[in-house]
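# Structural overview for review
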Amino acid sequence: MAKTASDTKAKRSAKDAAGGQGEVKKSKAAARKAKGTGGKGGSGKKAAKAEMKAAAIAAAEKAARPDALGTVARTTAENPPQEEDLAVATVRKVAMEGAKTRSEHDLLGDGEVPADALWGIHTKRAVANFPITGVSVGHYPELVRALALVKQAAARSNHRLGYLPKGKAKIIEEACTLVATDPIYAESFVVDAIQGGAGTSTNMNANEVIANVGLKLMGKAPGDYAALHPNDDVNMAQSTNDAYPTALRLAVIFATQPLVKALDDLAYAFKSKAVEFADVLKMGRTQLQDAVPMTLGQEFDGFHATIKEDVARLTEIVGLFREVNLGATAIGTGINADPRYAALAVEELSRLSGQPMVLASNLIEATSDLGAFVLFSGVLKRVAVKLSKICNDLRLLSSGPRTGFGEIRLPAVQAGSSIMPGKVNPVIPEVVNQVAYMVIGHDLTVTLCAEGGQLQLNAFEPTIGYCVLSSLRMLTAAIDTLTKRCIDGIEADRERCRSLVQGSIGLVTALAPTLGYEASSRIARRALKENRAVADLVLEEGLLTEAQLNGLLELEAMTHPTRRQKAGTVV
C-alpha cells in the first residue's frame with residue numbers, strides 16, 4: 001500500500017520526538033554526573049537543571065524547524081548540516097541545517113542555497129543582510145507582477161534586436177508569464193522590502209527566480225546557470241537602476257486601481273445614505289457648537305462629494321507613473337544597451353501590461369528624480385486625512401447611546417468591552433483613523449527619502465516603494481471595511497435628530513433675516529438663560545404669528561438658502 005503524506009509526517013514527527021527524548025536523556029545523565037561532583041545542592045544542581053532545560057528546548061526547536069520546502073529539516077549522512085537557519089524577512093526561516101543544498105558562486109565567493117529554491121546566492125545574501133521589517137517583496141503581488149513584466153519586455157526586445165537567442169527568449173517569456181500570473185511564485189521573492197542598494201537585492205531576486213523557473217521549464221535543475229543565466233540572460237540590457245524603478249512605477253499603477261474602486265464604492269454608499277436621510281432634519285454644528293439646521297442627507301452628501309474628489313485626483317496623479325526610464329541602465333546614459341532598446345522595451349512593456357507607458361525624455365533626470373512619488377504620496381495623505389475626518393464625524397454623530405449626540409447608529413460588529421456589558425464601540429471608524437495615521441507617517445518618510453537622493457541615483461527608493469505600496473494596500477482594505485461593515489448599515493435616529501433641532505438656540509439663525517440681528521440675539525440669550533425653546537419665546541413676544549413661524553421653520557426653508565423681507569414673505 002502506498003504511504004500517505006500524513007503517514008510520512010507522523011513517522012517523521014515520531015522520529016524527531018525520539019531524537020528529542022534522546023537529547024533529554026543525555027542531559028539527565030549529565031545532570032547525574034554534575035550532581036555527583038557538585039557537592040550538596042550548590043552549583044552542580046543548578047548547572048544540571050539549566051543544561052536539561054536547554055537540551056529540551058533545543059530538541060523541541062529541532063523537531064519543529066521547517067526546511068526550505070516546508071517539511072521537517074533532518075540531518076542525515078547524505079544530507080549533513082550546512083549552516084545556520086536563514087531568516088527570511090524575520091517572519092519565517094529557511095532551515096539551512098540539514099537541508100539538501102546546491103552550491104552557487106558570486107562576487108564574494110561560494111555559498112550554499114536550498115537545492116530546490118527558486119532564488120539563489122544573491123537573494124540569500126540579501127536576506128541575511130536585511131532582516132528589517134518582516135515584510136518581503138512577495139508581500140506585494142503588484143510589484144512581483146510588474147518585475148516579471150519588465151523582464152518579459154526586456155527579453156522580447158533583446159530577441160527582436162538579435163541579442164537574445166529565440167530559445168532563451170521563449171523560455172524567459174514563459175517563466176515571466178508564470179511569475180506574473182501565479183501567486184505561488186511570490187513566495188520566492190523573499191528579500192525584505194526595505195533594503196540597501198537602491199533595489200539591487202529585489203532585482204537580483206527577480207532575476208534568479210525567473211531564471212530558475214525557466215530552467216525547470218527546460219527540464220534542468222535550479223542553479224544550472226550555464227543553460228540560462230540570471231544576469232547575462234534575464235537581466236540583459238538592464239540595470240537595477242532602470243528595471244526596479246520602472247517595475248515600482250508600474251506596481252503603483254496596478255495597486256491604485258483597487259483603491260480607486262474602493263473609493264468609488266464608498267462614495268456610492270454615502271450617496272445612498274444621503275438619499276435615504278434626505279428628510280431627516282438635524283442640527284449642524286461648527287466648533288462643536290450648535291450652528292444652523294440641515295438634513296442628515298446633506299451631511300452624507302458632503303461625504304460623497306469629498307470622496308469623489310479624491311477619486312479624480314488619484315486618477316490624475318497616477319498618470320505620472322506612466323513615464324519610465326527603462327533602457328536608461330545604470331545612470332541614464334544607456335550603457336550596455338542597444339540605442340534602439342529603450343523605446344522598444346517601453347513599447348513591449350505597454351503591450352504586456354495593458355498600460356500606456358512612455359519613455360522619459362531625459363533618462364538621466366528620470367533615473368534620479370522621484371518627484372512623482374512625492375506628489376502621489378501627498379495625494380494618498382490627502383485621502384487619508386479626509387477619511388479620518390469623516391470617521392471622526394461618524395464617531396461623534398453616533399456617540400452615546402444615551403449621553404452623546406446619538407443622531408446615527410453604527411452597525412454593532414463586536415462587543416465593546418470586557419468589563420462593561422452591553423457596550424458597543426465604533427471600531428470600524430477607529431481602525432480607519434489608525435490606518436490614516438500610518439499613511440500620513442509614510443508620506444513624511446517618502447518626502448525625506450526623495451530629498452535624500454544624491455547625484456545620479458536615489459538609493460532610498462525601496463523604502464519609498466514600501467511606504468507607497470503599503471499605504472495603497474492599507475487604504476484599500478480600510479475603505480472596503482468601512483463601506484461594508486459600517487456605512488452600508490448606518491441608521492438614523494430621526495426622533496433624536498428632530499428633538500435636538502427643536503431644543504437648539506441655533507434655530508434663531510433661520511429667523512434672523514425676518515426678525516433682524518438684534519431681536520434674534522435677544523431671543524437667543526433668553527432661550528439659553530431660561531432653558532426655553534426659541535419658538536416659544538418668539539410667539540410669547542409676539543414677533544411672529546404661529547403660521548409665520550411654522551413657515552420659516554419648515555424643512556425646505558431652513559436647509560436651503562432663501563431671501564426674506566422683515567415681514568417674512570419670500571421675495
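The model shown is predicted, which means the values in this text are computed figures rather than measured ones. (Residues numbered from 1 in each chain as written. Predicted model: local features only at pLDDT ≥ 70, side-chain atom pairs only at ≥ 80, totals over all residues. Heavy atoms only, no water.)

### With respect to the side chain of Thr-329
The condition that has to hold: A run of DSSP states H or I qualifies as a helix once it reaches four residues; a run of E qualifies as a strand once it reaches two. Both are numbered from the N-terminal end. Within 3.5 Å is the distance limit for a polar contact, defined as a pair of N or O atoms, with the added protein rule that one can donate a hydrogen and the other accept it, and that residues adjacent in sequence qualify only through two side-chain atoms. Note on contacts: a residue pair qualifies if any of its non-hydrogen atoms lie within 4.5 Å across the two residues.
Among the secondary structure elements, Thr-329 is positioned in the loop between strand E7 (323-324) and helix H10 (341-353). A polar contact of 3.0 Å, which involves the side chain of Thr-329, links it to the backbone oxygen of Ile-335. The residues contacting Thr-329, other than those within four sequence positions of it, are Ala-237, Ser-239, Asn-241, Asp-242, Gly-334, Ile-335 and Ala-337.

### Overview of the pattern of salt bridges
Note the threshold: A carboxyl oxygen of Asp or Glu within 4 Å of a side-chain nitrogen of Lys or Arg is what we treat as a salt bridge.
Across all of its chains, the model carries 35 salt bridges by this definition. One salt bridge connects Asp-233 with Lys-168, and the closest N-O pair in it is separated by 3.2 Å. With Asp-233 in helix H7 (residues 230-234) and Lys-168 in helix H5 (residues 166-181), this pair connects stretches of sequence that are 65 residues apart.

### Some points on the pairing of strand E5 (residues 281-286)
Which entries qualify depends on this criterion: Pairing between strands is defined by DSSP: at least two bridges between them are needed.
Judged from the five bridges that link them, E5 and strand E6 (residues 289-295) form a sheet pairing that is antiparallel. Each residue of the ladder has a partner; that of Met-283, found in E6, is Pro-293. Hairpin connection, E5 to E6: the antiparallel pair is bridged by two residues, and Gln-287 has positive phi, about 55°.

### Quick notes on a nonpolar patch on the surface
Formally: Note on patches: the residues involved have over 30% relative accessible area and no salt bridge, like charges join within 9 Å, and the nonpolar side chains Val, Leu, Ile, Met, Phe, Trp and Tyr join within 5 Å. Surface accessibility follows the Shrake-Rupley procedure with a 1.4 Å probe radius. Residue values consider only the protein chains on display as shielding. The buried label applies to any residue whose accessible area, calculated with a 1.4 Å probe on protein chains only, is under 20% of its type's maximum; exposed applies above 50%, and partly exposed to all values in between.
A surface patch of nonpolar side chains, about 260 Å² in accessible area, is lined by Val-385, Tyr-437 and Ile-440. Its place among the elements puts Val-385 in helix H12 (residues 371-397). Among the residues examined, Val-385 registers a relative accessible area of 41% and is labelled partly exposed.

### Focus: the packing of aromatic side chains
Two measures describe an aromatic ring pair: the distance that separates the ring centres and the angle between the ring planes. Which entries qualify depends on this criterion: Two rings from Phe, Tyr or Trp (for Trp, the six-membered ring) form a pair when their centres are within 6.5 Å of each other. A pair whose planes differ by under 30 degrees is stacked, one over 60 is edge-to-face, and the rest are tilted. Our definition puts a charge over a ring when NZ of Lys or CZ of Arg is within 6 Å of the ring centre and also within 35 degrees of the ring normal.
Inspection of every chain in the model, using the stated rule, returns six aromatic pairs. For the ring pair Phe-321 and Phe-373, a centre distance of 4.8 Å and an interplane angle of 55° mean the geometry is tilted. Of the two residues, Phe-321 is situated in the loop between helix H9 (296-317) and E7 and Phe-373 in helix H12; the sequence distance between them amounts to 52 residues. Given a relative accessible area of 0%, Phe-321 falls into the buried group. Look at Phe-321 and Phe-376: their rings are 5.3 Å apart centre to centre, the planes differ by 80°, and that puts the pair in the edge-to-face class. Here the residue Phe-321 occupies a position in the loop between H9 and E7, and Phe-376 occupies one in helix H12, the gap between them amounting to 55 residues. Here Phe-376 falls in the buried class, since its relative accessible area comes to 0%. Through successive ring pairs, a cluster of aromatic residues spans Phe-270, Phe-277, Phe-300 and Phe-303. Here the basic side chain of Arg-145 rests over the ring of Phe-254, its NZ or CZ set 3.8 Å away from the ring centre.

### Some details on helix H6 (residues 200-217)
The following threshold applies: One less than the number of residues in a helix, times 1.5 Å, gives the span that helix is expected to have.
Over its 18 residues, H6 extends 26 Å from the first C-alpha to the last, a length consistent with the 26 Å expected when each residue adds 1.5 Å. H6 sits mainly inside the fold: 15 of its 18 residues count as buried. Count one or two residues on from H6 and you reach Gly-219, which has phi positive near 80°.

### Let's talk about H9
Helix length check: H9 (22 residues) gives 32 Å between terminal C-alpha atoms against 32 Å at 1.5 Å per residue, within 8%. If you check which residues of H9 are buried, you get Leu-296, Gly-297, Glu-299, Phe-300, Phe-303, His-304, Thr-306, Ile-307, Asp-310, Val-311, Leu-314 and Ile-317.

### Quick notes on the layout of surface pockets
It is a probe the size of a water molecule, rolled over the atoms, that shows where empty space is left. The test is simple: Here a cavity denotes a set of grid points, spaced 1 Å apart and computed over the protein atoms alone, in which a 1.4 Å probe fits but from which it cannot get out, and a pocket denotes an open set meeting protein on both sides within 12 Å along at least five of seven lines; residues with an atom within 4 Å of a point are reported as lining. Grid points are joined across faces, edges and corners, and a volume is the space filled by probe spheres set on the points. Residue polarity is assigned by list, with Asp, Glu, Lys and Arg as charged and Ala, Val, Leu, Ile, Met, Phe, Trp, Tyr, Cys and Pro as nonpolar; anything else, Gly included, falls into the polar class.
One number sums up the size of the largest pocket: a volume of about 490 Å³. Together, 26 residues line the largest pocket, and Ser-398, Ser-399, Gly-400, Pro-401 and Val-424 are the ones closest to its centre. Of all elements in the fold, only strand E9 (408-409) and helix H13 (427-451) reach the threshold of two or more residues within the lining of the largest pocket. The element that contributes the greatest number of residues to the lining of the largest pocket is H13, accounting for three residues. Looking at side-chain class alone, the lining of the largest pocket contains 13 nonpolar, six polar and seven charged residues.

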